[in-house]
Amino acid sequence: MREVNQAVQAPAAGNEPSLSMLVTGLPDSLSQPLQGSPPRRSLWGLIAAALALHWFFLDSLGHSAQRDRAVLAPVLEVRSVFAPAPALLPTPAPTVSAVEATLDAQNRAMVPPSAKLQSGQLQSQSQLQPPVPVPVPEPVPKDQVSAPVGPLAAAFKDPEAPGATTGSRLPPITSQDTPPAPLLEGDVPVYRTQLPPSARLQYALRRGALSGNAELQWRLGDDAYNLSLEARLAGLALLTQISQGRIDAAGLAPLRFTDQRPRGGLRAANFQRDKATITFSGPATEYPLLPGAQDRLSWMLQLAAVAAAEPERLALGGKVVLYVVGARGDADVWVFRFVDFETLVTQEGTVRAAKFSRDARRLYDTQVDAWLDPARHHLPVKARWGTTPDGEALELLLTSLQAL
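Everything quoted here is computed from the prediction, not taken from an experiment. (Residues numbered from 1 in each chain as written. Predicted model: local features only at pLDDT ≥ 70, side-chain atom pairs only at ≥ 80, totals over all residues. Heavy atoms only, no water.)

Regarding the overall build of the protein
Rules: Working definition: helices are DSSP H or I runs of at least four residues, strands are E runs of at least two. Numbering for both runs from the N terminus. For every residue, the accessible area (1.4 Å probe, protein chains only) is compared with the maximum for its type, and the residue is labelled buried under 20%, exposed over 50%, or partly exposed between those bounds. Under the convention used here, a 1.4 Å probe and the Shrake-Rupley method define accessible areas, while residue burial counts only the protein chains that appear.
A count of helical and extended segments in the protein gives 6 helices and 15 strands. When the 404 residues of the protein are sorted by exposure, 31% land in the buried category. Accessible area for the protein stands at about 26000 Å²; split by element, carbon and sulfur atoms hold 57% of it.

This is the structure we're talking about:
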């Protein structure tokens, strides 16, 4: 027994744990019988129990790892698969039924809120009142169209439509080169005139920020006249106009008017009194020649002659109506209205001048102002004219007057 106890208490070879070490970890109720039991099979039983416990714990750890791997395993596997490109099919054109269905849906959406029923639903298209159709007038045959009446319904030859006629309406807003409706004899009054004696008038010229000078020469013969205007701006020729003609019962009767500009060249208007027609050197437009018709230079002397012969027009409400023709195929009625008397300071002294103004009637029309001096045969001591959009008018102010 002593040898057995020494063998049990002695350390095992190979650093293996002793029986006392194994028994120490057990409860006291089990360790005491084991320490006191000498049989060897009790020792082998304890060793078998220890191995069984080790195997049980190792097997439990293995099953736990398998369960963890099963939980962490991916639930869904995602793969990228490239689908083949779809074939491009032509888009079918909308059918009539599809268009009607779309329009019907739009019409239903545009029904006003007052068309709703008490249940909150919209009335159907058949329950709504249909729109009132708008009658379309039938075209009137050309032979049934009534001709325009009135004093302005005269025919004249238009370069784009030979033989065409114009109505009595005023022309629309167009450029200055567009000819207005022609006039008939009696549309423009014929005034009494008293022409001034021959004279040379010198003017200071201004246009915007530029200044220059101008000269107006008026020569009156027994039954003819010659009128010229030369304007120079900043030392360059700006304008040269010449009006030549006769004297008749209506005053000045132009025969030829020429207008020369630096860029536009020389243009002319011909007053063919034997044919009672006004023609031009450039455009093929023709106008009827009316008594008292003036050009764009002779109006200055004609206005002075009317004011001298009929001084009652130099009052509020007074006016002078002239038919004025240019050299570029333009012709229009110029209505000069008396504005008031104004005091002007000139190099010839202080002048109490009568102001007449002609207002523009359409786009790019000519705005004209003229100041006449009753003490100098109503000759213009100041004049200003220009087109409405640019705002830069050409202004003349008398510097000297010399009788010829």
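So, next bit.
What about empty space enclosed by the protein?
Applicable threshold: Only protein atoms enter the 1 Å grid used here. Points where a 1.4 Å probe fits but cannot escape make up a cavity, open sets with protein on both sides within 12 Å along at least five of seven lines make up a pocket, and a residue lines them when an atom lies within 4 Å of a point. Grid points are joined across faces, edges and corners, and a volume is the space filled by probe spheres set on the points. Polarity classes work like this: nonpolar for Ala, Val, Leu, Ile, Met, Phe, Trp, Tyr, Cys and Pro, charged for Asp, Glu, Lys and Arg, and polar for all others, with Gly in that last group.
Under the criterion given, the structure shown has 2 cavities of 30 Å³ or more. Roughly 40 Å³ of volume is contained in the largest cavity. What lines the largest cavity is Val188, Pro189, Val190, Tyr191, Ala250, Gly292, Gln302, Val321 and Leu322. Looking at side-chain class alone, the lining of the largest cavity contains 7 nonpolar, 2 polar and no charged residues.

Some words on the pattern of salt bridges
For clarity, the cut-off: Any carboxyl oxygen of Asp or Glu that lies within 4 Å of a side-chain nitrogen of Lys or Arg is treated as forming a salt bridge with it.
Taken as a whole, this structure holds 17 salt bridges when the rule is applied. With a shortest N-O distance of 4.0 Å, arginine 192 and glutamate 312 are connected by a salt bridge. Taken together, the positions of arginine 192 in the loop between helix 5 (96–109) and strand 1 (199–207) and glutamate 312 in the loop between helix 6 (299–309) and strand 10 (319–325) put the pair 120 residues apart, joining distant regions of the chain. Among the ionic pairs, aspartate 369 bridges to arginine 384, the shortest N-O distance being 3.2 Å. Here aspartate 369, found in strand 13 (residues 366–373), pairs with arginine 384, found in strand 14 (residues 379–387); they are 15 residues apart in sequence, far enough to count as distant.

Remarks on a nonpolar patch on the surface
Cut-off, in case you're wondering: Every patch collects residues that have over 30% relative accessible area and no salt bridge, joining them within 9 Å if they carry like charges and within 5 Å if they are nonpolar side chains (Val, Leu, Ile, Met, Phe, Trp, Tyr).
On the surface, Trp44, Ile47 and Leu51 cluster together into a nonpolar patch covering about 330 Å² of accessible area. As for its placement among the helices and strands, isoleucine 47 is situated in helix 4 (residues 40–72).

Observations concerning the side chain of glutamine 294
Under the convention used in this document: Think of a polar contact as two N or O atoms within 3.5 Å of one another; within protein, one of them needs to be a possible hydrogen donor and the other a possible acceptor, and neighboring residues in sequence only count if both atoms come from side chains. Residues count as neighbours in contact if any of their non-hydrogen atoms are within 4.5 Å of one another.
Note on placement: glutamine 294 falls in strand 9 (residues 294–295). A residue is classified by how much of its surface remains accessible, and glutamine 294, at 0% relative accessible area, is buried. At 3.1 Å, the side chain of glutamine 294 and the backbone oxygen of glycine 292 are in polar contact. Setting aside anything within four residues of it in sequence, one finds glutamine 294 in contact with Leu252, Pro254, Phe271, Trp299, Gln302, Tyr323, Val324 and Val325.

Focus on the packing of aromatic side chains
Where we set the bar: Each Phe, Tyr or Trp ring, with Trp reduced to its six-membered ring, pairs with another whose centre is within 6.5 Å; inter-plane angles below 30 degrees give stacked pairs, above 60 give edge-to-face pairs, and intermediate values give tilted ones.
Per the counting criterion, the structure on display carries 7 aromatic pairs. Centroid distance tryptophan 218 to tyrosine 225: 6.0 Å. Interplanar angle 35 degrees. Geometry classified as tilted. For the pair tryptophan 218 and tyrosine 225, a shared accessibility class is recorded, and that class is buried. Where phenylalanine 338 meets phenylalanine 356, the ring centres are 5.6 Å apart and the plane angle is 70 degrees; that geometry is what we call edge-to-face.

Observations regarding the pairing of strand 15 (residues 394–403)
Along any regular strand the residues' side chains alternate between the sheet's two faces. Let me state the cut-off plainly: We treat two strands as partners when DSSP finds at least two bridges between them.
As paired strands, strand 1 and strand 15 are joined by 9 bridges and run antiparallel to one another. Each residue of the ladder has a partner; that of tyrosine 203, found in strand 15, is leucine 398. In this sheet, strand 15 lies alongside strand 14 in antiparallel orientation, the contact comprising 4 bridges. Across the sheet, residue lysine 382 finds its bridge partner in strand 15, namely leucine 397.

Observations regarding helix 6
Burial within helix 6 is extensive, with 11 of its 11 residues counted as buried. Within helix 6, burial applies to Trp299, Met300, Leu301, Gln302, Leu303, Ala304, Ala305, Val306, Ala307, Ala308 and Ala309.

Looking at unusual backbone geometry
We note that tyrosine 364 has phi near 60 degrees; this positive angle belongs to a residue other than glycine. Within the fold, tyrosine 364 resides in the loop between strand 12 (349–358) and strand 13. Unusually for a residue other than glycine, histidine 377 sits at a positive phi of about 60 degrees.

Details of the pairing of strand 14
By the criterion of burial, strand 14 is predominantly enclosed, with 7 of the 9 residues buried. The antiparallel hairpin formed by strand 13 and strand 14 contains 5 residues in its connecting segment, where histidine 377 sits at a positive phi of about 60 degrees.

Regarding the environment of glycine 317
Within the secondary structure, glycine 317 sits in the loop between helix 6 and strand 10. A relative accessible area of 73% means that glycine 317 is categorised as exposed. Along the primary structure glycine 317 and valine 339 are separated by 22 residues, whereas in three dimensions their C-alpha atoms are 8.3 Å apart.

Quick notes on the confidence of the model for the protein
The line we're drawing: In predicted models, pLDDT denotes the confidence assigned by the predictor to each residue on a 0 to 100 scale.
In the predicted model, the protein carries a mean pLDDT of 72, and the fraction of residues at 70 or more is 56%. Overall, residues 1–37 carries pLDDT values under 50, and its contacts beyond four positions in sequence, including any with other chains, amount to 13 contacts. Across residues 109–179 the pLDDT falls below 50, and counting only partners more than four positions away or on other chains, this stretch makes 76 contacts in the model.

Looking at the environment of leucine 301
With respect to the secondary-structure elements, leucine 301 resides in helix 6. When the C-alpha positions of leucine 301 and leucine 195 are compared, they lie 7.4 Å apart, and in sequence the two are 106 residues distant. With near-sequence residues (within four places) excluded, leucine 301 lies in contact with Pro196, Leu216, Trp218, Leu227, Leu252 and Leu379.

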